[in-house]
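Structural features, examined
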Amino acid sequence: MAGVLSALPAEVRILIRMKVAILRHSMTGGKAALMVVGGTLGLGLAAGTIWLSLVRTAHPTVVADLLAAVYLMWTLGWVAGPVWGGSSPLRADHFGLLSVPRRRLAVGLLGAAFVAVTAAVTLLAFLSLLVYAARLGPAAVLVAVPAVVLQLVFVVLLSRVVAVVFGVVAKSRTGAAFTGVLVAAMMVLAQSGWMVAVAIQVSGVLTTGFGPGFAGTVRAVPSGWGLVAVESAAQERWWWALGALAGLALLIVLLLLAWSRSLGTPRRARTTIRGSRGLAAAGRGLFAGRTGAVLRKELRTWWRDPLRTQTVFVPLAWALGTTLLPLTFGEKVLLPWAAPALAVMAGASAVNLYGQDGTALWLTLLTGSERADVRGRQLAYLLVFGPVTVAVAVVCTAWSGLAWAWPWVLALVPALLGGGAGLAVLMSVVALAPGPDAHKRPENPLEHGDTTGQANVMFWGGLLPAVPAATVLALGTVYDNAFLLWAGVPVGVATGVLLAWWLGRVASGRLRARGPELLLLMRTGRSSKPVVRIEVPKQGVWTSLVGWTLGSIALFPQGLVPLVFLLVGVDVKSWFLAMYLPGPYRLPVAAAMVLVGSWLYYIAIRAGLPKKRPVAPEDPSGEDAPRELESV
């Protein structure tokens, strides 16, 4: 290792050592566990890519087409990586005061970028090109070696350039909407990527081969140029092979020049979205009074703030992507559930409304308008998500042609929307995640208050408002009683209205009682109460991780999904264990998987609970005290 480093330029050596030191000191506890889990999943995907290069099919070009498509997916993963995982620990602005030429700094940062688990996993995946070349002959292997290296450098450099581009476009509302769709697409692929495998299996392309359009497209993009070089070398078309490699090299140089040019630019000014002027405030109706004033302010914020734009597009794209994906293998069974899914995810996205506004909370506290503020935010939430949810409900349910789904949709949507309006403001008050003010937000659109835990709690808790209506609907379905089925609709409406009113009342009371503490939390990033450290044994952390991972696999893809397939008569095997068994054993095995997954979840939750009493630090104002975020 030392010999390899000594051959590199001085800047590269220094930045690589800095990156190694940062990773060594920061990857502890939960971060280390997440890195291990992510690395394990990445190794699984890389092993799958290598396995794909060894598959033998009836059609000779199927494997090459699939490899080109998989390389495109790896490249898109690197493109989306900066948005999903945040900025690199070594950023150019850290070296802004040093007199280092931009190109040398870019080369150094590029060298440090390879010191990462993601780069090692991607290199392993791209070695599949070498394995595939071995099947074609020695000439193909000779070309595959530089092709693998160039392909890896290309994706790493492309992710850095894309990160800069995202930092610029995400400041506008259009860029925020695009970022929201991209984040939702990654979530859909992460949770429902198996549907793509089912679609490929059902389409029969694994035996008949892909069409010329698909094969040409996945080879024409830069991610397929390495494969083109290998195939051309095997066919002794040397000019094509050299041209593909030269094209990749030229693209790398151009990306490096573009990235190095962006490193020296001064910090870009914030985008100011100006609204209309001179509009008279409405004096009556929904917009009258203190609540009406907050409602107008909130609607303008939802319209002008790029972060709010992203909050709208993530649940919309996630719900549509999840329910439309089965159309790839001809199934419409999930279409009616698009609107309920949108209502649930909307609450999970809007879980930090006060945190998104930053220290502007002092205006509410100073004027004593806590109740009006909470009610105004609830009304704005319903006006933003209500119409689009109703439109999705009508269009998708009618499109599905499933008449039995109408009572379910009409009952669940109001319950979930009303419950989400109440839970969103309550979670925003009781579990506020501090972040920078709007004018001090970082370049990465996802680097604001960390709401991962709150969003997970809100997602599963957001399903509870549907329980009363779902119970009535289930009874109506079991007894085939139309009156009970349609009685679920007023139950759902009443549940939504009651929860929105009651949870909003609790939230306003909580805001009135703890407002100054929340403002201190927003200003400094620390609570007025002593920080309590919850200590969980390492064995418990690992048990919890294994339980959550295996429990999710057992509960959803091996339990609930085949259970739904069996109930609606879908015969797709893919990787569903129950579908490979004889008929009488399918339902019991799927039900057993649901029980196993639930039991693993119980084990994971129990292992994650602290075995000792929480410990308060001796000196909260010591080195571990959170840094100042903002001052009013």
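None of these values were measured; they are calculated from a predicted model.

**Re a nonpolar patch on the surface**
- There is a patch of nonpolar side chains on the surface, built from Leu43, Leu123, Leu124 and Leu127 and spanning about 290 Å² of accessible area.
- Along the polypeptide, Leu123 turns up in helix 6 (residues 117-136).
- Residue Leu123 is classed as partly exposed on the basis of its relative accessible area of 35%.

**Let's talk about the pattern of salt bridges**
- Scanning the model with the defined rule gives nine salt bridges in all.
- Between Glu517 and Arg514 there is a salt bridge, and its shortest N-O distance comes to 3.0 Å. One end of the pair is Glu517 and the other is Arg514, both in helix 23 (residues 482-524) and three residues apart, which spans about a single turn.
- When its relative accessible area of 24% is taken as the criterion, Glu517 is described as partly exposed.

**Considering the packing of helix 14 (residues 289-304) against helix 15 (residues 306-324)**
- Across the interface, helix 14 lies against helix 15 with an axial gap of 5 Å and an inter-helix angle of 80°. With respect to their mutual orientation, helix 14 and helix 15 come out roughly perpendicular. Where helix 14 approaches helix 15, its residues Glu298, Thr301, Trp302, Trp303 and Arg304 are matched on the opposing element by Pro306, Arg308, Thr309, Thr311 and Val312.
- Across the contact of helix 14 with helix 15, the residue classes tally to four nonpolar, three polar and three charged.

**Section: the environment of Gly525**
- Along the chain, Gly525 turns up in the loop between helix 23 and helix 24 (538-568).
- Each C-alpha atom, one on Gly525 and one on Ala433, is 8.7 Å from the other, the two residues being 92 residues apart in sequence.

**Considering the packing of helix 5 (residues 102-113) against helix 13 (residues 238-263)**
- In the contact formed by helix 5 and helix 13, the axes pass within 8 Å of each other and the chain directions differ by 110°. It follows from the interaxial angle that helix 5 and helix 13 lie roughly perpendicular. The interaxial crossing formed by helix 5 with helix 13 has right-handed handedness. Side by side, helix 5 and helix 13 meet where Arg102, Arg103, Leu105, Ala106, Val107, Leu109 and Leu110 of the first sit next to Leu256, Leu257, Trp259, Ser260, Arg261 and Leu263 of the second.

Reading the values: rules and limits
Residues numbered from 1 in each chain as written. Predicted model: local features only at pLDDT ≥ 70, side-chain atom pairs only at ≥ 80, totals over all residues. Heavy atoms only, no water. Patch = residues over 30% accessible without salt bridge, like charges linked within 9 Å, V, L, I, M, F, W, Y side chains within 5 Å. Areas by Shrake-Rupley, 256 points an atom, 1.4 Å probe, with all protein chains shown as cover. Salt bridge = Lys/Arg side-chain N within 4 Å of Asp/Glu carboxyl O. Helix = DSSP H or I, 4+ residues; strand = E, 2+ residues; numbered from the N terminus. Buried < 20%, exposed > 50% of the residue type's maximum accessible area, 1.4 Å probe, protein only. Axes fitted to C-alpha atoms, helices over the stretch in contact; angles between N-to-C directions. Parallel < 35°, antiparallel > 145°, perpendicular 65-115°, else oblique. Contact = heavy atoms within 4.5 Å. Nonpolar A, V, L, I, M, F, W, Y, C, P; charged D, E, K, R; others polar. Left-handed = near helix turned anticlockwise from the far one by under 90°.

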